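Residue strings, one per chain:
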Amino acid sequence: MQTIVKMFNTDKWVLPYLRRYKKLLALVIFLGFMTVFCGTALMFISGYLISRSAQHPSNILLVYVPIVLTRAFGIGRPVFRYAERLTSHNWVLRLVSDLRKKLYLKVEQRATTIRQEKQTGDVLALLADDIQHIENLYLTTIFPVVIGWLLYVVFAAFVGYFNWAFGLLMLLLFGVITIILPLASVALNGARSFKNRQLQHEVYVSLTDGVLGLTDWVIAGRQAEFVEKQTALMNQQVKIQRQNMQFTWWRDFVINLIVAGITFVMLYFGKVQFGNSFLDVNYIAAFTLAIFPMVDAFQGISAGLTDIPTHQSSLERMNDYDELTVTAPAAPTITRQAALAFKQISFNDVTFKYTNQQRNVLNGLNMTIERNQTYALLGPSGAGKSTMLQLILGDLQPTSGQINLDGADLSTLQEYRHDLFGVLDQQPYLFNTSIMNNVRLGNLQATDDEVKAAIAAVGLQDLVEKLPDGYATVMTEGGQRFSGGERQRFALARILLQDAPIIILDEPTVSLDPITENEVLTMIFSLLADKTIIWVTHHLTGINFANQVYFLDDGQFTMSGTPQALYAENAHFKQLLDLDTGVNNYQ
Ligand SMILES: Nc1ncnc2c1ncn2[C@@H]1O[C@H](COP(=O)(O)OP(=O)(O)OP(=O)(O)O)[C@@H](O)[C@H]1O
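Residues numbered from 1 in each chain as written. Predicted model: local features only at pLDDT ≥ 70, side-chain atom pairs only at ≥ 80, totals over all residues. Heavy atoms only, no water.

1. Focus: the sheet that holds strand β3 (residues 374-378)
The test is simple: Strand pairing is assigned whenever DSSP identifies at least 2 bridges connecting the two strands. Put simply, DSSP H or I for four residues or longer makes a helix, DSSP E for two residues or longer makes a strand, and each gets a number counted from the N terminus. Interaxial angle, 0 to 180 degrees, is taken between N-to-C directions of lines fitted to C-alpha atoms, where a helix line uses only the stretch in contact. Contacts were defined at the residue level, with two residues in contact if any of their heavy atoms lie within 4.5 Å.
Taken together, six strands build an open sheet; the order of strands is β6-β7-β8-β3-β9-β10 and the sheet is mixed. Of all strands in the sheet, those bounded by a partner on one side alone are β6 (421-424) and β10 (556-561). Neighbour-to-neighbour, the strand axes of the sheet open up by a mean angle of 20°, direction not taken into account. Of the pairings in the sheet, the one linking strand β9 (residues 548-553) to β10 comprises five bridges and is antiparallel in character. Its bridge partner lying in β10, Tyr550 is registered against Ser560. Across the sheet, helix α13 (residues 385-393) is in contact with β3, β6, β7 (502-506), β8 (532-536), β9 and β10; its angle to β7 comes to roughly 155°. The strands that helix α18 (residues 484-498) touches are β6 and β7; relative to β6, the one it contacts most, it runs at about 175°.

2. Quick word on the environment of Asn189
For Asn189, the position within the fold is in helix α7 (residues 164-212). A C-alpha to C-alpha distance of 9.0 Å links Asn189 and Pro309, two positions 120 residues apart in sequence.

3. Examining the packing of aromatic side chains
Basically, it comes down to this: Aromatic pairing here means that ring centres of Phe, Tyr or Trp (its six-membered ring) are within 6.5 Å. Orientation follows from the plane angle: under 30 degrees is stacked, over 60 is edge-to-face, and everything else is tilted.
Scanning all chains against the criterion turns up 34 aromatic pairs. Plain terms: the ring middles of Phe44 and Phe158 are 5.8 Å apart, the flat faces sit at 70° to each other, and that makes the pair edge-to-face. Taken together, the residues Phe44 in helix α3 (residues 22-53) and Phe158 in helix α6 (residues 120-162) connect sequence positions 114 residues apart.

4. Some details on the pairing of β9
Relative to β9, β3 runs parallel, the two being bridged by four bridges. Residue pairing for β9: Tyr375 is matched across the bridge by Gln548. Two successive antiparallel strands, β9 and β10, enclose a turn made up of two residues, where Asp554 displays a positive phi of approximately 50°.

5. Some details on the sheet that holds strand β4 (residues 400-405)
Taken together, the four strands give an open sheet; going across it, the order is β2-β1-β4-β5, and neighbouring strands pair in antiparallel fashion. The open sheet has two free edges, formed respectively by β2 (362-370) and β5 (408-409), since each of these has just one partner strand. Sheet strands in contact with α13 are β1 (344-352), β2 and β4, and its direction is about 60° off that of β2.

6. A few points about unusual backbone geometry
Worth spelling out the cut-off: Classification of residues uses two cut-offs on accessible area relative to the type maximum, computed with a 1.4 Å probe and protein chains only: under 20% is buried, over 50% is exposed, and between them is partly exposed.
Even without glycine at this site, Asp406 takes up a positive phi of about 45°. Mapping Asp406 onto the fold places it in the loop between β4 and β5. Classification of Asp406 by relative accessible area gives partly exposed; the value is 35%. The backbone of Asp554 sits at a positive phi, close to 50°, despite the residue not being glycine. Tracing the chain through its elements places Asp554 in the loop between β9 and β10.

Written as C-alpha cells, this is what we have:
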C-alpha cells in the first residue's frame with residue numbers, strides 16, 4: 001500500500017490528467033454510480049412489487065406507483081450505463097491520446113540518442129503496452145473501485161436509516177467484501193501480478209532483441225536456443241497466469257459465500273424490522289433482492305485493486321522515462337540562410353566520452369572542414385569515426401571543446417538539421433510503400449517529375465519503368481525486393497531531392513561487391529560534386545575522390561593530407577592503396 005501511495009506521490013503522468021479533466025471524471029463517477037443505483041433500486045422495487053402483488057389488492061394505486069418506478073429504474077439503468085460508457089471512454093481516450101502525444105514527443109526529442117540509454121524493446125513496451133495499462137487503470141480499477149465504495153457507504157446508510165444496528169452490521173459485512181478482501185487480494189496476489197508484468201516486459205525486450213538479430217541466430221545455427229529462451233519466459237508467464245486464475249476463482253467463491261451469509265442476515269433483518277406490519281412486510285423481499293446487483297459492483301473492487309501492481313510497474317516505467325529530461329538547445333545564433341551558406345566547420349579541441357565508458361573516445365581533435373570539399377575518415381574499428389559523425393550531426397555533444405559552423409555552435413543549429421545534412425549510411429531504410437513515396441521522403445514538396453528526375457540521375461529509370469507498376473511499385477519492407485546497390489541508389493536519389501549542402505557518408509558501400517561498390521562510389525561523387533562530404537570508410541577503394549584523408553586511431557588523428565601527398569610520403573598508405581586497388585596509383 002505504501003508503494004502505491006508513493007507511486008502516486010511521485011507520478012507525473014496520470015495525476016496531472018486527473019486534475020485537468022476533473023469535471024468529466026466526476027461525471028463518469030456520477031453516471032457509474034447512477035447505473036448501479038438504478039440496478040439496485042430496480043431490484044428493490046421489483047422485490048416490493050412482487051411481494052405486494054401477492055397480497056390482497058385493497059387499493060390498485062399501491063401497486064401502481066411501484067410499477068411506474070420499476071419502469072423508470074428499468075429504463076434509467078441502461079440509459080445511465082450507456083452514458084457512463086460514453087463518458088468514461090471519452091475521458092480515457094482523451095487521456096490516452098494526451099499521454100501518447102506526450103510520450104511520442106519525449107521519444108522524438110531523444111530519437112537519435114535514445115538507443116544509448118534504452119533498449120528498443122523497452123521503448124516498444126512503453127509505447128504499446130504501458131499506455132494501454134494506464135488506460136485500464138481507469139476503466140478497470142479507479143472507476144469501479146470509487147463507484148463500489150460510494151455504493152457501499154450509501155447502502156449501509158440506507159439500511160441504517162431504518163435500523164442503525166443493522167446499518168452498522170451491513171457496514172461490517174460488506175466491508176469484508178469491499179475493503180478487507182480486496183486489500184488481502186493485493187497483498188496475496190500483488191507480487192505475482194507484478195512479477196507477471198515484469199516477465200511480460202522481459203519477453204518484449206528479449207523478443208525485439210532476438211528478432212532484430214534473427215539472421216545471426218540462424219547463421220549461427222542456434223535457432224533452437226532462441227526459441228527455448230523465449231519459451232522458458234513464456235512458460236513462466238503461463239504458470240503465473242494460471243496461479244492468478246486459481247486465486248481469482250477462490251476469491252470470488254469466498255465473496256459469494258459471504259454474500260449468501262449477508263442474504264440470510266438481510267432476511268432476518270427484514271423479518272425483525274418489517275415482519276409485524278401487513279404493508280411493511282413487502283420490504284423483506286425488496287431489501288433481500290437489492291443485495292444482488294450490488295454484489296457485481298463490489299466484485300469489481302477486488303478485481304480492480306488486484307490489478308494495481310500491474311499498473312504500478314507501467315506507471316513507474318513511464319515516470320522513470322520522464323526522468324530522462326531533455327535540455328532544450330540554446331537558440332541558433334545564425335539564420336538558416338547563413339547556416340546554409342556556411343564556409344567551414346571547425347573542430348576545436350573536441351574531446352568526447354560516453355557516460356557509461358571510462359576512457360575518452362575522442363581526444364582533443366582539431367580539424368577544419370571547408371565548403372565543397374570531400375573528407376575521408378579512416379581508422380580501425382572502434383577508433384571513434386561514427387562518434388565523430390554523431391557529433392557533427394548534433395546527436396552527441398562534445399564533453400569538452402566545440403564544433404562550430406562559421407563560428408556558431410553546431411549543437412544549437414538542430415532546427416536546421418534537415419536542411420543542412422543529408423545522410424547515406426550502410427543500410428538506408430526503404431519503407432513498405434511505393435518507389436515514388438520512398439524517394440519523395442528526401443523532399444516532401446518535390447513534384448512527381450522532380451522525383452522521376454532524381455531516379456533517372458541515379459540510373460534507375462529503366463529498371464523502375466520496366467516494372468509492371470512503375471513508380472507505384474511497392475518496395476516491400478526494408479526494400480528487400482531490390483539489390484544492395486539499387487537500394488543505395490534509391491537512397492542517393494532521396495539525398496539528391498533533399499539537396500542539403502553537407503553529406504555524411506557512413507560506409508555506404510560496405511556491403512556491396514567491388515564492382516558495384518566502384519559504380520556506386522563513382523555515381524555518389526559525381527552527383528554530389530558540389531557538396532561538402534564527410535565520408536567514413538574502412539578501406540581505400542575510391543579514396544582518390546577525397547580532397548583530404550584523415551586517419552583516426554584511438555581518438556586522435558595520426559595522419560592527414562591529400563591522397564596524392566599521403567601516397568607520396570607515406571609508405572604504409574602507398575602499400576595499402578596499391579593492395580586495395582591492385583595497381584600502382586598516381587604514377
Ligand atoms: N552508445 C555507446 N555507448 C558506449 N560506448 C560506445 C557507444 N557507441 C560507441 N561506443 C564505443 O566508442 C568507441 C568508438 O565507437 P565508434 O562507433 O565511434 O567507432 P568506429 O570507429 O565508428 O568503429 P567501426 O568502424 O567499427 O564502426 C568504441 O569503443 C565503442 O565501443
